[in-house]
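Residues per chain, in single letters:
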Amino acid sequence: MNKEPMKVTGSEAVILSLLEEGVEIIFGYPGGAIMPIYDALYDYDKKITHILTRHEQGAAHAAEGYAKITGKAGVCFATSGPGATNLITGIADAMIDSIPMVCITGQVASPLLGTDAFQESDVLGISMPVTKWNYQITTPEEIPDAIAQAFFIAQSGRPGPVLLDITKDAQFGELEFSYKKCKKIRSYVPETPVDPFKVKAAAELIDNAKKPMLLFGQGVIISKAEEELKAFIEKTGIPAAWTLLGLSALPTEHPLNVGMLGMHGNYGPNVKTNEADLIIAVGMRFDDRVTGKVSAYARDAKIVHLDIDHAEINKIIKADVAVLGDAKKSLKMLTDNCKKNEHKKWLSEFNKAYDTEFEKVIDKDLHPTKEGLTMGEVISKVSEATNHEAILVTDVGQHQMVAARYFKFKHSRSLVTSGGLGTMGYGLPASMGAQLAAPDRTVVAVIGDGGFQMTIQELGTIAQNKLPVKIVLLNNNFLGMVRQWQQLFFEKRYSFTELINPDFLMITKGFGINGQKVTSRENLDAAVKEMMDHDGPYLLEVVVEKEDNVFPMVPSGASVSHILLEP
């Protein structure tokens, strides 16, 4: 909506523009080149909450966590040079995982651009491959329109991160401020209308299939198509399996939910992929962790692919029918065009596969006979203690895969994890963003001892803002996932994966955060209860078996049919 123009500085125009976009929280770290914007923010502290992280990477991951839970663009600030470059890991993570973010960096004054001035870096050149759009603002008049476009691009179609680099003179300069939200950009088509003829062609394949299988990813969550997904599978009776980022879109206990796809996914969905006569992929991109050896993937199946992004169609797996468009709309149309059906015999095969997996893997993970604690039993007990209502945030590694397998969910938007980039250090700062996005929900951060030490300084942010995150630290004194590969494929040559760790409790208590360390099974239940009952942030460090591995496992480069249930 247009308002009467008023004269303001460029830095104040940034804050006013963010307010027009409904921004409530900013994650950031000040510095010289962005100082005018921070000075303007000082006068708006009652309208916008700024969270001072301890590192710019933490700001980016926190913004990701916030965006994953709310569906709105996360916002972060950083200064020029090292401040801007420290954002890049989080931006790259958001790009590959389709997370909307608006990143604003300060830059040296425009006369100094290209002179190697103090704390100057070419952040546009550096960030171009990992942003959906980036732009450098050199005059104050550009600010409102650039920010409006940034939010539109970040949040429309397939979401992603955008970056605005604002020179210091543009921040100091003045403009007549008015704001108009962006609703259209010439040549940018974020969403294709769903083709009804493609829908009918897909429905015909679905109606005639004997062994159909649906694979759903984060696109279902992004498009808010959870109810449409549920309605589709319940009408057609098709078993549904999820990618890591699709987790929580369908309740864990839904009878047609057959588990996780991929390298450490469930036995049934992986093996049955190559027995299916039809694969329906919804909002997922056939990542290599899902397909394994592409030439051996779903050879007997027709492929129906529903996606909003043209670039994902036929990129990895050729589609027999591609339905472009928003998943919420395409799933609704597909459901309307499909006949009511059941696939009881086919579904029973998944149940038999689960029984095999339970005997060889799950039962040993959850009810171990060995003395040491397993990651699986810890995750399962924490999930039960939350009544499966919590938001799970993970770091990256063995604990991430175990958490995805054994944490249970009742509600969508309940998992925050790094998928495509696999960023160690993601978990702790992302949990801050998730907690701020959902202050009334329990947030559990499951982190390994390696990833924890990459962003451990963010305990300071958690303490300063009194964020009641429950941190479950699974400590095996190893870089566990790398060690597992070294054990299985490199003859146990543990090259630089063993960690000599600090006293994590002492460090945590130094930040004023309570916690305890558990080394034996008899103390686990009470410790989990104490953590959940504690009012405020809490660290539960659990020492787990050093060589506790994650199975099942599809070896790298192997067919999904060759999934291993044991070493």
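Computed from a prediction, not measured in an experiment: that's the story for all the values here.

Visitor: Before we go on, may I ask you to explain the environment of Ala-403 in this structure?
Guide: You can see Ala-403 is positioned in helix H17 (residues 398-406). For Ala-403, a relative accessible area of 0% puts it in the buried group. In this structure the C-alpha to C-alpha distance between Ala-403 and Val-378, which are 25 residues apart in sequence, comes to 9.2 Å. Every residue in contact with Ala-403, bar those within four places of it in the chain, is listed here: Ile-379, Leu-392 and Thr-394.

Visitor: Explain the packing of aromatic side chains here, please?
Guide: The tally for this structure, following the rule as stated, stands at twelve aromatic pairs. Relative to Tyr-66, the ring of Phe-27 has its centre 6.3 Å away and its plane inclined at 65 degrees; by these criteria the two rings are edge-to-face. With Phe-27 in strand E2 (residues 25-28) and Tyr-66 in helix H3 (residues 56-70), the pair connects residues that are 39 residues apart, well separated along the chain. The burial state of Phe-27 is the same as that of Tyr-66; both residues are buried. A centroid spacing of 5.8 Å and a plane angle of 10 degrees characterise the contact between Trp-133 and Tyr-135, whose relative ring orientation is stacked. A cation over an aromatic ring shows up here: Arg-483 above the ring of Phe-478, its NZ or CZ 5.8 Å from the ring centre.

Visitor: What is the right way to look at the layout of surface pockets in this model?
Guide: The gaps left among the atoms become clear once a water-sized probe is rolled over them. One number sums up the size of the second largest pocket: a volume of about 650 Å³. Taken together, 29 residues line the second largest pocket, and the ones lying closest to its centre are Thr-252, Asn-257, Asn-266, Tyr-354 and Lys-408. Of all the secondary structure elements, the ones that give two or more residues to the lining of the second largest pocket are strand E11 (257-260), helix H12 (267-273), helix H15 (344-366), helix H16 (375-385) and H17. A total of eight residues in the lining of the second largest pocket trace back to one element, the largest contributor, which is H15. Grouping the amino acids of the lining of the second largest pocket by side-chain chemistry returns 14 nonpolar, ten polar and five charged. In terms of domain composition, the lining of the second largest pocket takes at least three residues from each of domain 2 (196-349) and domain 3 (371-543).

Visitor: Help me out: how do you make sense of the sheet that holds strand E13 (residues 302-307) in this one?
Guide: Backbone-to-backbone hydrogen bonds join strands into a sheet, with any given pair of strands oriented parallel or antiparallel. Within the open sheet, the six strands sit side by side as E11-E10-E9-E12-E13-E14. Their pairing is parallel. The strands lining the two open edges of the sheet, one partner per strand, are E11 and strand E14 (321-324). Direction aside, the axes of adjacent strands within the sheet are offset by 20 degrees on average.

Visitor: I keep staring at unusual backbone geometry and nothing clicks. Help me out?
Guide: A negative phi angle characterises most non-glycine residues, just as the trans form characterises most peptide bonds. Looking along the chain, the bond that leaves Phe-551 and enters Pro-552 is cis, with omega of 0 degrees. Relative to the assigned elements, Pro-552 resides in the segment after strand E20 (538-543). For Ser-98, which is not a glycine, the phi torsion comes out positive at approximately 55 degrees. Tracing the backbone shows Ser-98 in the loop between helix H5 (88-96) and strand E5 (101-107).

Visitor: What is the right way to look at the nonpolar core in this model?
Guide: Across soluble globular proteins, nonpolar side chains show a tendency to be buried alongside one another. Ranked by internal contacts, the top residues of the largest apolar core, which has 92 residues, are Leu-214, Leu-215, Phe-216, Phe-232, Ile-280, Leu-334 and Leu-474. Setting aside anything within four residues of it in sequence, one finds Leu-334 in contact with Val-199, Ala-202, Ala-203, Ile-206, Phe-232 and Leu-306.

Visitor: Would you mind showing me how to read the side chain of Gln-487 here?
Guide: On the secondary structure map, Gln-487 appears in helix H21 (residues 480-489). With relative accessibility at 17%, the residue Gln-487 sits in the buried group.

Visitor: Before we go on, may I ask you to explain the pairing of E5 in this structure?
Guide: Looking along a regular strand, one sees the side chains alternate between the two faces of the sheet. Taken across its seven residues, E5 has seven buried, putting it largely inside the fold. Neither face of E5 is left uncovered, since the one carrying Met-101, Cys-103, Thr-105 and Gln-107 and the one carrying Val-102, Ile-104 and Gly-106 both have all their residues buried. Pairing geometry for E5 and strand E7 (residues 161-167), over seven bridges, is parallel. Directly across from Val-102, in E7, lies its bridge partner Val-162.

Visitor: What exactly am I supposed to notice about the packing of helix H9 (residues 196-208) against helix H14 (residues 327-337) here?
Guide: The packing of two helices is summarised by the inter-axis angle and the distance between the axes. Two elements in contact, H9 and H14, have axes whose closest approach is 9 Å; the angle formed by their N-to-C orientations is 55 degrees. For the element pair H9 / H14, the angle class is oblique. Handedness of the crossing formed by H9 with H14: right-handed. Where H9 approaches H14, its residues Pro-196, Val-199, Lys-200, Ala-202, Ala-203, Ile-206 and Asp-207 are matched on the opposing element by Met-333, Leu-334 and Asn-337. Of the residues belonging to the contact of H9 with H14, the class tally is seven nonpolar, one polar and two charged.

Visitor: What's the story with H16 in this structure? I'm lost.
Guide: In an α-helix, one full turn covers 3.6 residues, which means residues spaced three or four apart are oriented alike. The element H16 is largely enclosed, with a buried count of eight among its eleven residues. Against the buried residues of H16 lie H15, H17, strand E17 (443-448), strand E18 (470-475), helix H23 (524-533) and E20. Of the residues one or two after H16, Asn-387 is the one with positive phi, at around 60 degrees.

Visitor: What is the right way to look at the sheet that holds strand E4 (residues 74-78) in this model?
Guide: Here six strands make up an open sheet; going across it, the order is E3-E2-E4-E5-E7-E6 and the pairing parallel. Since the sheet does not close on itself, it has two edges, and those belong to strand E3 (49-52) and strand E6 (133-137), each with one partner. Shown here is a sheet whose adjacent strand axes are inclined to one another by a mean of 20 degrees, direction ignored. Judged from the two bridges that link them, E2 and E4 form a sheet pairing that is parallel. Pairing of Phe-27 across the sheet is with Cys-76, part of E4. Contacting E5 and E7, H5 runs over the sheet at an angle of about 145 degrees to E7.

Visitor: Quick question: what am I supposed to make of the domain arrangement of the protein chain here?
Guide: Per the domain assignment, the segments of the protein chain are domain 1 (6-177), domain 2 (196-349) and domain 3 (371-543). Taken over C-alpha atoms, the centre of domain 1 sits 37 Å from the centre of domain 2. With seven residues of domain 1 in contact, the opposing surface of domain 2 contributes seven residues. Between domain 1 and domain 2 the total buried area reaches about 660 Å² when both faces are included, carbon and sulfur atoms providing 50% of it. Put simply, domain 1 and domain 2 have two salt bridges between them. When the shortest N-O distance is used, the salt bridge between Arg-158 and Glu-312 registers 2.7 Å. Our enumeration of links across domain 1 and domain 2 arrives at four residue pairs in polar contact (both at pLDDT 80 or more). The residue inventory of the side of domain 1 that touches domain 2, partitioned by class, reads two nonpolar, two polar and three charged.

Basis of the calculations
Residues numbered from 1 in each chain as written. Predicted model: local features only at pLDDT ≥ 70, side-chain atom pairs only at ≥ 80, totals over all residues. Heavy atoms only, no water. Helix = DSSP H or I, 4+ residues; strand = E, 2+ residues; numbered from the N terminus. Buried < 20%, exposed > 50% of the residue type's maximum accessible area, 1.4 Å probe, protein only. Contact = heavy atoms within 4.5 Å. Phe/Tyr/Trp six-rings, centres within 6.5 Å; stacked < 30°, edge-to-face > 60°. Lys NZ or Arg CZ within 6 Å of the ring centre and 35° of its normal. 1 Å grid on protein atoms, 1.4 Å probe; cavity = no way out; pocket = protein on both sides within 12 Å on 5 of 7 lines; lining within 4 Å. Points joined across faces, edges and corners; volume = space filled by probe spheres on them. Nonpolar A, V, L, I, M, F, W, Y, C, P; charged D, E, K, R; others polar. Domains from an automatic or database assignment. Pairing = 2+ DSSP bridges. Axes fitted to C-alpha atoms, helices over the stretch in contact; angles between N-to-C directions. Core = buried A, V, L, I, M, F, W, Y, C linked by side-chain atoms within 4.5 Å. Parallel < 35°, antiparallel > 145°, perpendicular 65-115°, else oblique. Left-handed = near helix turned anticlockwise from the far one by under 90°. Buried area = accessible area lost by both parts, 1.4 Å probe. Salt bridge = Lys/Arg side-chain N within 4 Å of Asp/Glu carboxyl O. Polar contact = N/O pair within 3.5 Å; in protein donor to acceptor, adjacent residues only side chain to side chain.

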